[in-house]
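# Reading the structure
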Amino acid sequence: MIKLGVVYILAGLVFAAFAVLSAADRKNPKRFGNAGFWGLVALSFLAGDRLGDLGDGVLVLGLALIAGVGGLGRGDPATTSPEERSALAERFGAKVFAPALTLPVVLVIGLLVLKPLHVAGQPLLDPKQATLISLALAAVVATGVGLVLLRQPLLSPLQEGRRLMDIVGWAALLPQLLAALGAVFALAGVGKVIGDLVTHWLPMDTRAAAIAVYCLGMAGFTMIMGNAFAAFPVLTAGVGMPILIRRFGGDPAAVCAIGMLSGFCGTLMTPLAANFNLVPPALLELKDRYAVIKAQIPTALLLLLANMGLMYVLAFR
Amino acid sequence: MLTLLGVAVVVLGFAAGFNPLLVVVAAALVTGWTAGIPPLQVLAALGKAFNDNRFVSAALLVLPVIGVAERAGLQERARMLIGRFRRLSFAPLLIGYMVFRQVTAAIGLTSIAGQAQSIRPMVAPMAEAAAEKDAGALDPEARERIRAWAAATDNIALFFSEDVFIAVGSILLMVGFLAQSGLNLDPLQLSVWAIPTALAALLIHGTRLVLLQRRLKRRGGAGG
């Protein structure tokens with residue numbers, strides 16, 4: 001059975017290559033900072049299970065310190081100029097889309113064909129991780145397609161990958177680190193404290209008020225914790241289940257489903273959902289780190305209102 | 001109450017513009033301190049959780065192939081393609097992308113597109129090229145805004161349609177939670193209630209896209 005470990009080894013090797021190429025990049029004045037940062041990421045992927053918990057913690061501290069002292073620069077691997085790119089786009093035509101479109105095609109093959117396959121009574125892919133394994137496979141195949149079809153230099157995936165990685169910079173690791181913070185919050189019982197605050201201090205004597213507390217609570221709590229999964233058990237145990245479902249007789253499925261989606265409205269408005277809200281501005285090289293959140297806030301607020309209305313109508317028929 | 005000090009560190013640290021990686025580590029240490037957990041134990045807990053969550057960063061593996069395609073002119077080609085469809089303007093383009101993303105996510109194909117693999121190399125350049133047809137040459141501010149909206153459209157489409165699929169994480173979480181409370185529901189019963197919100201998201205965000213296109217057009221007309 002192919003497990004996530006294979007993907008981690010691949011990721012580790014790719015980041016190790018980024019580190020080595022960074023160290024050799026004399027055009028980046030902070031090249032050793034980049035090399036150290038991507039090197040630590042590579043170490044985490046390759047040996048994270050063997051470092052021990054405290055070792056991994058020290059590794060995290062190292063990443064935060066390199067980023068915190070401004071140790072990351074931006075590498076400048078040799079590449080094609082904008083004019084050359086336009087000329088290449090003319091010459092290749094639609095072919096230039098092939099690698100990017102190979103990604104979803106191979107992903108779908110992975111999920112629809114490889115995932116159900118069994119070899120010697122064992123599933124070929126770890127069923128819980130089939131998407132990520134398929135995505136890694138798709139990345140490898142698509143890279144091959146790009147190299148052959150677009151006749152790119154053999155080292156270009158690593159050099160161009162490093163360019164994009166340096167553009168995103170430390171923000172690339174923020175989602176993973178925030179997920180880890182969520183675990184520490186859970187350990188210290190932060191969720192329970194907030195849940196108690198909400199249920200003790202807010203009025204919920206009418207159905208409308210209880211719906212507002214539950215939906216706004218899901219959104220607000222999600223903004224603080226960075227994802228709706230942490231908010232759902234707390235708010236549903238505190239408000240959804242005892243008040244909306246038991247006292248007011250709401251349909252459990254509709255209450256929970258729309259409650260979770262209210263949490264997603266919060267996800268659109270918080271920098272703590274870094275992979276959705278902070279990584280894209282970095283990828284798109286935007287000056288304003290919060291530009292994507294700002295574009296999302298009006299939609300999120302209107303949709304939150306819509307969710308409360310939907311719950312009022314649909315959960316209590 | 002003191003337990004919430006870590007949350008305050010996150011909020012203030014982000015607001016003050018400190019490096020977020022440092023802020024998160026500091027918040028973890030403060031949270032542990034308020035809960036009476038020794039610093040080394042907090043660091044170990046953080047390290048363990050970081051290691052357990054490596055799958056979050058593994059998706060960065062798509063960057064090399066995107067870089068290769070960009071080196072060969074992918075962004076430029078995406079722009080040219082939009083130029084050829086004379087009548088395709090900004091709002092219909094992003095609404096069309098949103099529908100595509102919602103429909104595919106609703107049948108479970110959430111990773112078929114994404115910020116690194118579709119928005120940066122293709123959708124954002126296409127959106128810029130489409131907006132230029134209405135508004136003429138874009139100033140840097142308008143360009144930033146259009147790129148940000150392309151990214152936002154992907155997020156919104158994904159969030160409010162993935163729950164229509166029965167095997168997605170949040171649906172399974174709800175089924176598990178309700179089962180613990182003695183309510184046994186089928187995933188399908190939960191996922192049908194995601195459909196109204198998915199439609200509301202399309203309606204609300206689609207309207208906002210149309211309004212943004214009008215604003216861009218007005219500004220383009222005034223500025224030449």
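Residues numbered from 1 in each chain as written. Chains lettered and ligands numbered in written order. Predicted model: local features only at pLDDT ≥ 70, side-chain atom pairs only at ≥ 80, totals over all residues.

## Here we look at the overall build of chain B
For the record, the criterion: Helix and strand assignments follow DSSP, with helices taken as H or I runs no shorter than four residues and strands as E runs no shorter than two, numbered in order from the N terminus. The quantity called the radius of gyration is restricted to C-alpha atoms. Its globule counterpart is 2.2 Å times the number of residues to the power 0.38. Exposure classification rests on a simple neighbour count of other C-beta atoms within 10 Å of a residue's own: a residue reaching 20 or more is buried, one at 12 or fewer is exposed, and one in between is partly exposed. C-beta atoms are placed from the backbone. Two residues qualify as a contact pair if the distance between their C-beta atoms, derived from the backbone, is within 7 Å.
Tallying secondary structure elements over chain B gives 12 helices and zero strands in all. Whereas a compact globule of 224 residues would reach a radius of gyration of roughly 17 Å, chain B reaches 22 Å, over 25% beyond that. Residue burial in chain B is summarised as follows: out of 224 residues, 54% are buried. Long-range pairs, those at least 24 residues apart, make up 73% of the contacts in chain B between residues at least 6 apart in sequence.

## Brief notes about the interface of chain A and chain B
By a widespread convention, an interface's size corresponds to the accessible area lost as its parts come together. How we decide: Each residue is assigned to one of three groups, with Ala, Val, Leu, Ile, Met, Phe, Trp, Tyr, Cys and Pro labelled nonpolar, Asp, Glu, Lys and Arg labelled charged, and all others, Gly among them, labelled polar.
With 117 residues of chain A at the contact, the number on the chain B side is 98 residues. If one sorts the elements of the side of chain A that touches chain B by residue count, helix 8 (residues 174-188) of chain A sits on top with 13 residues. Of the residues in the side of chain A that touches chain B, the class split is 87 nonpolar, 22 polar and eight charged.

## Quick notes on the packing of helix 5 (residues 98-114) of chain A against helix 6 (residues 130-149) of chain A
Residue and element names in this part refer to chain A. For clarity, the cut-off: Interaxial angles span 0 to 180 degrees and are taken between N-to-C directions of axes, which are lines fitted to C-alpha atoms, for helices over the stretch in contact. Crossing handedness is defined as follows: a turn of the near helix away from the far one that is anticlockwise and smaller than a right angle gives a left-handed crossing, while the clockwise case is right-handed.
Taken N-terminus to C-terminus, the directions of helix 5 and helix 6 make an angle of 145°; their axes are 8 Å apart at the nearest point. Two packed elements cross with a definite hand, and for helix 5 against helix 6 that hand is right-handed. Of the residues contributing to the contact of helix 5 with helix 6, the split by class is 17 nonpolar, five polar and no charged.

## So, the confidence of the model for chain B
Basically, it comes down to this: Confidence scores per residue from the predictor, reported as pLDDT, run from 0 to 100.
Looking at chain B as a whole, its pLDDT mean stands at 91, while 98% of the residues score no less than 70. Interface confidence in the predicted complex, given as ipTM, is 0.90; pTM for the same model is 0.89.

## Regarding unusual backbone geometry
All names here are of chain A. A positive phi angle is found at arginine 151, which is not glycine, with a value near 50°. One can find arginine 151 in the loop between helix 6 and helix 7 (156-168). Phi is positive for glutamate 285, close to 55°, though the residue is something other than glycine. Along the chain, glutamate 285 turns up in the loop between helix 14 (279-283) and helix 15 (291-314). Note on glutamate 285: 11 C-beta atoms within 10 Å, which makes it exposed.

## Describing the nonpolar core
Heads up, the condition is: Joined through C-beta atoms within 7 Å, a set of buried Ala, Val, Leu, Ile, Met, Phe, Trp, Tyr and Cys residues constitutes a nonpolar core.
Counting residues in hydrophobic clusters, the biggest one holds 190 residues, and the most contacted among them are A:Ala257 and B:Ala127. If we skip the residues at most four places from it in the chain, A:Ala257 touches B:Asp163, B:Met174, B:Leu190, B:Trp193 and B:Ala194.

## Section: the packing of helix 1 (residues 5-16) of chain B against helix 2 (residues 20-34) of chain B
All names here are of chain B. The cut-off we apply is this: An angle below 35 degrees is read as roughly parallel, one above 145 as roughly antiparallel, one from 65 to 115 as roughly perpendicular, and any other as oblique.
Interaxial distance between helix 1 and helix 2 falls to 8 Å at its minimum, and their mutual angle equals 160°. Classed by the angle they form, the pair helix 1 and helix 2 counts as roughly antiparallel. Of the two elements, helix 1 crosses helix 2, and the hand of that crossing is right-handed. Residues Leu5, Gly6, Val9, Val10, Gly13 and Phe14 of helix 1 form the contact with helix 2, whose own contacting residues are Pro20, Val23, Ala26, Ala27, Val30, Thr31 and Thr34. Of the residues contributing to the contact of helix 1 with helix 2, the split by class is nine nonpolar, four polar and no charged.

## Looking at helix 4 (residues 82-92) of chain A
Quick note on the threshold: Working definition: the arc comes from the directions between the helix axis and the C-beta atoms, pointing outward to the latter.
Every buried residue of helix 4 of chain A is listed here: A:Arg85, A:Leu88 and A:Ala89. Around the axis of helix 4 of chain A, the buried residues are gathered within 105° of arc, so they sit on the same side. Summarising the geometry of helix 4 of chain A, the exposed residues directed more than 90 degrees from the buried face are A:Glu83 and A:Arg91. Residues of helix 4 of chain A that are buried sit in contact with helix 6 (74-84) of chain B. Directly beyond the C-terminal end of helix 4 of chain A, a positive phi value near 65° is found at A:Gly93.

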